[in-house]
Amino acid sequence: MAAPLTNASLWKMAAQDLKSDLDLGVEELSRLLELATQVKRTPKRFTSSLKNRYLTLLFEKPSLRTRMTFELAIKQLGGDCIVSNGIIGEREPLKDVARNLDRWTHGIVARVFSQNTIEELARWSSVPVINALSDVYHPCQALADFQTLKERFGRLRGLKLSFVGDGNNVAHSLMLNAGRLGVDFAIATPAGFEPQEEIAALAREYASGSGARMEFTSDPVEAVAGAHAVYTDVWASMGQEKEADERRRQFASHQVNGALMAAAREDAVFMHCLPAKRGQEVTDEVMEHPRSVVFEQAENRLHAQKALLLMLLE
Ligand code: CP
Ligand code: NVA
């Protein structure tokens, strides 16, 4: 039995929810990454940590990694979950959905079209709400990504992470965390696809606190100069399918290929949250390269989310 953390209160998050990356304080973020490493090294210590805890997983959009890793994380921590697919809040108001789910389960994990859905669920639920991707943030992805970088380079501070492509949910979460963790961050987007100005301003503010550099450009080569990691994501996110053809044209100069990787550091890794569209935002050659860490990122979703669940629920 047991295996609960030696001193759970040391790890407990101050916020009740993970609505966005910002619900984790800077110290908490570092602690979470440390805990994720412990959980990965010694999973057996944690097999009863969520005993008799049940979570609801809600998916308005498709998922492979997020659904599988949350289900597995909860079960491997000794808890259980129920999964529901479909639009939330159509048949009855979100405030009613939230106050049903919190009577039955100890936490809600939700992948949604609109960040407002997360905010509304969290506002009305008495149990933690975790953002499993919205139109604005993908905080669980970023946790796994920084765990992956830390494992690969043995540190975070002083690294440079470069994102090439759409200034989207994944880019937002990465830049907010990079700024707080002292990781230099550069983003190259075609004109009109920059990250949201409010989020970019916050990331800049965090970066000035941690000493990290933040670069915003439209030039991929400029962005990846000196990069330890080059990251990209799909050009059309879920919900933007109708724009996909037009975006293929608009993003054509922002593909991560061998030539772009050659403009980064020699030991630079390639990162992608997946699913990837080979031949669009990334070539098959780069995806399959020995310095591609995309499957390490996918694996770490499991460990990072276990750490998150422990910090919110244990
Ligand atoms: N990266 C990620 O969130 O993958 P899924 O969409 O498959 O969950
Ligand atoms: N930006 C992508 C990420 C998928 C994990 C999307 O929102 O579809």
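Quick summary incoming for the structure in this document. (Residues numbered from 1 in each chain as written. Chains lettered and ligands numbered in written order. Predicted model: local features only at pLDDT ≥ 70, side-chain atom pairs only at ≥ 80, totals over all residues. Heavy atoms only, no water.)

Some thoughts on the sheet that holds strand E6 (residues 184-188)
In spatial order, the strands read E7-E6-E5-E8-E9; together these five strands make up an open sheet with parallel pairing. Only two strands of the sheet have a single neighbouring strand rather than two, namely strand E7 (214-217) and strand E9 (269-272). Ignoring strand direction, the axes of neighbouring strands in this sheet form an average angle of 20 degrees. When strand E8 (residues 229-232) meets E9, the two strands line up parallel, connected through four bridges. Paired with Val 230 across the bridge in E9 is Phe 270. (Pairing = 2+ DSSP bridges. Helix = DSSP H or I, 4+ residues; strand = E, 2+ residues; numbered from the N terminus. Axes fitted to C-alpha atoms, helices over the stretch in contact; angles between N-to-C directions.)

Some thoughts on the site of ligand 2
For ligand 2, the full set of nearby residues is Leu 133, His 138, Asn 168, Asn 169, Val 170, Asp 233, Val 234, Ser 237, Met 238 and Leu 274. The separation between a nitrogen atom of ligand 2 and a polar side-chain atom of Asp 233 is 2.6 Å. Side-chain polar atom of Ser 237 to a nitrogen atom of ligand 2: 2.7 Å apart, as the coordinates give it. Looking at the shell around ligand 2 residue by residue, the classes come out as five nonpolar, four polar and one charged. (Near = heavy atom within 4 Å. Polar contact = N/O pair within 3.5 Å; in protein donor to acceptor, adjacent residues only side chain to side chain. Nonpolar A, V, L, I, M, F, W, Y, C, P; charged D, E, K, R; others polar.)

Considerations on a nonpolar patch on the surface
Together, Leu 64, Met 68 and Leu 72 give the surface a local cluster of nonpolar side chains, amounting to about 280 Å² of exposed area. Tracing the backbone shows Leu 64 in the loop between strand E1 (54-59) and helix H3 (65-76). (Patch = residues over 30% accessible without salt bridge, like charges linked within 9 Å, V, L, I, M, F, W, Y side chains within 5 Å. Areas by Shrake-Rupley, 256 points an atom, 1.4 Å probe, with all protein chains shown as cover. Salt bridge = Lys/Arg side-chain N within 4 Å of Asp/Glu carboxyl O.)

Considerations on the side chain of Gln 147
Examined against the element boundaries, Gln 147 turns out to sit in helix H6 (residues 139-153). In this structure Gln 147 comes out as buried when scored by relative accessible area, which is 1%. Each residue touching Gln 147, except ones within four places of it in the same chain, is listed here: Leu 33, Ala 36, Thr 37, Lys 40, Asn 300, His 303 and Ala 304. (Buried < 20%, exposed > 50% of the residue type's maximum accessible area, 1.4 Å probe, protein only. Contact = heavy atoms within 4.5 Å.)

Focus: the environment of Asn 100
Tracing the sequence through the fold places Asn 100 in helix H4 (residues 94-104). Here the alpha-carbon distance between Asn 100 and Leu 202, two residues 102 residues apart in the chain, equals 35 Å.

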